[in-house]
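Residues per chain are reported as follows:
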Amino acid sequence: MTTGPSQASGVHVPDTSLAVEATELVRDTTDDLVYHHSHRVYLFGALQGRRRDLSFDPELLYIGAMFHDLGLGKRFRTSGRRFEVDSADEARRFLQSRGVPEDSVRRVWTAIALHTTPGIPAFMEPEVALVSAGVEYDVLGIGYEDFSEADRAAIVALHPRPDFKRRILAAFTDGIRPKPETAFGNVKADVLQHYVPGFERQDFVRSVLDSPWPE
């Protein structure tokens, strides 16, 4: 293991061969925005794990964090699937090709697939809960005061977030705009409604009332 962002935070980043390969893959296939965001998700998620006294596998949490936004990339924009599923499937392929046990693969897949589905991951395995916790901290600021200014500053110094709010929203928009149907029932419909002219949110009530059932 190698020391993480600072001695003050006490966070450690896995330096196993699996983690190193994952880092290289994400570095090679994403931009700085997603790369640094993914690292922060791991670091903030690990801090939340320590704060909540959860026993988690740092390597699995790291893989989940690093892969969680890969599905926003250009090569997935015609998949017709939610970007979370594309991201989770990439992680599953990566792990299976390296002989990782299926239960571990399942945890990582679930952590990634559910990271934009609030209210569920917190009740699942620690790795699942903590990927979501890291995302919620970095993107939404949920629990912002849980950590000291020194811890936040150490992490951001290592993985900067210049103009992050605007840039991450732009990345969400670019990744989902070609497949707007995948935003039905999830938070990304809000993104498209704000940033894609002419987007019409699919209405759940209308879907029920307009279903083919005759009554």
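Shown above is the structure to which this text applies.
In this text the structure is predicted, and so the values were computed from the model without any measurement. (Residues numbered from 1 in each chain as written. Predicted model: local features only at pLDDT ≥ 70, side-chain atom pairs only at ≥ 80, totals over all residues. Heavy atoms only, no water.)

**Student:** What's the story with the overall build of the protein in this structure? I'm lost.
**Tutor:** When helices and strands are counted, the protein shows ten helices and two strands. Helices (α) and strands (β) of the protein occur, in sequence order from the N terminus, as β-β-α-α-α-α-α-α-α-α-α-α. Here the protein has a C-alpha radius of gyration of 18 Å; the compact-globule value for 215 residues is 17 Å, and the two agree. On the principal axes, the C-alpha backbone points of the protein span a range of 60 × 40 × 35 Å. In the protein, buried positions account for 47% of the 215 residues. (Helix = DSSP H or I, 4+ residues; strand = E, 2+ residues; numbered from the N terminus. Rg over C-alpha atoms; globule rule 2.2 N^0.38 Å. Buried < 20%, exposed > 50% of the residue type's maximum accessible area, 1.4 Å probe, protein only.)

**Student:** When you look at unusual backbone geometry in this model, what are you seeing that I'm missing?
**Tutor:** A negative phi holds for most residues other than glycine; trans holds for most peptide bonds. For Asp 53, which is not glycine, the phi torsion reads 60° and is therefore positive. In this model, Asp 163 sits at a positive phi of 50°, which is unusual for a non-glycine residue. Checked against the element boundaries, Asp 163 lands in the loop between helix 7 (149-158) and helix 8 (164-176). With a relative accessible area of 44%, Asp 163 lands in the partly exposed category.

**Student:** Just to check I follow, could you spell out the pattern of salt bridges for this structure?
**Tutor:** Pairs can form between side chains of opposite charge whenever their charged atoms are close. With the rule as written, the count across this model stands at 20 salt bridges. A salt bridge links Glu 84 to Arg 82; its shortest N-O distance comes to 3.0 Å. Here Arg 82 falls in the partly exposed class, since its relative accessible area comes to 25%. Arg 107 serves as the salt-bridge partner of Glu 127, at 2.8 Å between the closest nitrogen and oxygen. Remark: Arg 107 occurs in helix 5 (residues 102-113) and Glu 127 occurs in helix 6 (residues 126-140); sequence separation between them is 20 residues. Here the salt bridges do not stand alone but share partners, grouping Arg 81, Asp 86, Asp 89, Arg 92 and Lys 179 into one network. (Salt bridge = Lys/Arg side-chain N within 4 Å of Asp/Glu carboxyl O.)

**Student:** It is not clear to me how the packing of aromatic side chains should be interpreted in this structure. Could you clarify?
**Tutor:** Geometrically, a pair of aromatic rings is defined through the distance of the ring centres and the angle of the planes. In this structure the tally under the stated criterion is six aromatic pairs. Where Tyr 42 meets Tyr 62, the ring centres are 5.3 Å apart and the plane angle is 85°; that geometry is what we call edge-to-face. Of this pair, Tyr 42 sits in helix 2 (residues 32-51) while Tyr 62 sits in helix 3 (residues 58-67), placing them 20 residues apart in sequence. Given a relative accessible area of 1%, Tyr 42 falls into the buried group. Their ring planes at 5° and their centres at 6.4 Å tell us that Phe 44 and Phe 147 sit as a pair that is stacked. Highlighted residues: Phe 44 in helix 2 and Phe 147 in the loop between helix 6 and helix 7, separated in sequence by 103 residues. Across from the ring centre of Phe 164, 4.8 Å away, lies the NZ or CZ of Arg 40, which sits over that ring. Taking NZ or CZ as reference, Arg 152 lies 3.9 Å from the ring centre of Tyr 144, over its face. (Phe/Tyr/Trp six-rings, centres within 6.5 Å; stacked < 30°, edge-to-face > 60°. Lys NZ or Arg CZ within 6 Å of the ring centre and 35° of its normal.)

**Student:** Is there a simple way to explain the nonpolar core in this structure?
**Tutor:** Proteins that are soluble and globular tend to have nonpolar side chains buried together. Ranked by internal contacts, the top residues of the largest apolar core, which has 39 residues, are Tyr 42, Tyr 62, Ile 63, Phe 67, Phe 94, Leu 95 and Val 108. If you list the elements that add at least two residues to this core, you get helix 1 (17-29), helix 2, helix 3, helix 4 (83-96), helix 5 and helix 6. Apart from residues lying up to four places away in sequence, Tyr 42 is in contact with Val 11, His 12, Val 13, Pro 14, Pro 58, Leu 61, Tyr 62 and Ala 65. With 14 residues, the next largest nonpolar core counts Leu 33, Ala 171, Val 191 and Phe 199 among its residues. (Core = buried A, V, L, I, M, F, W, Y, C linked by side-chain atoms within 4.5 Å. Contact = heavy atoms within 4.5 Å.)

Read these as geometric descriptors, not functional statements.
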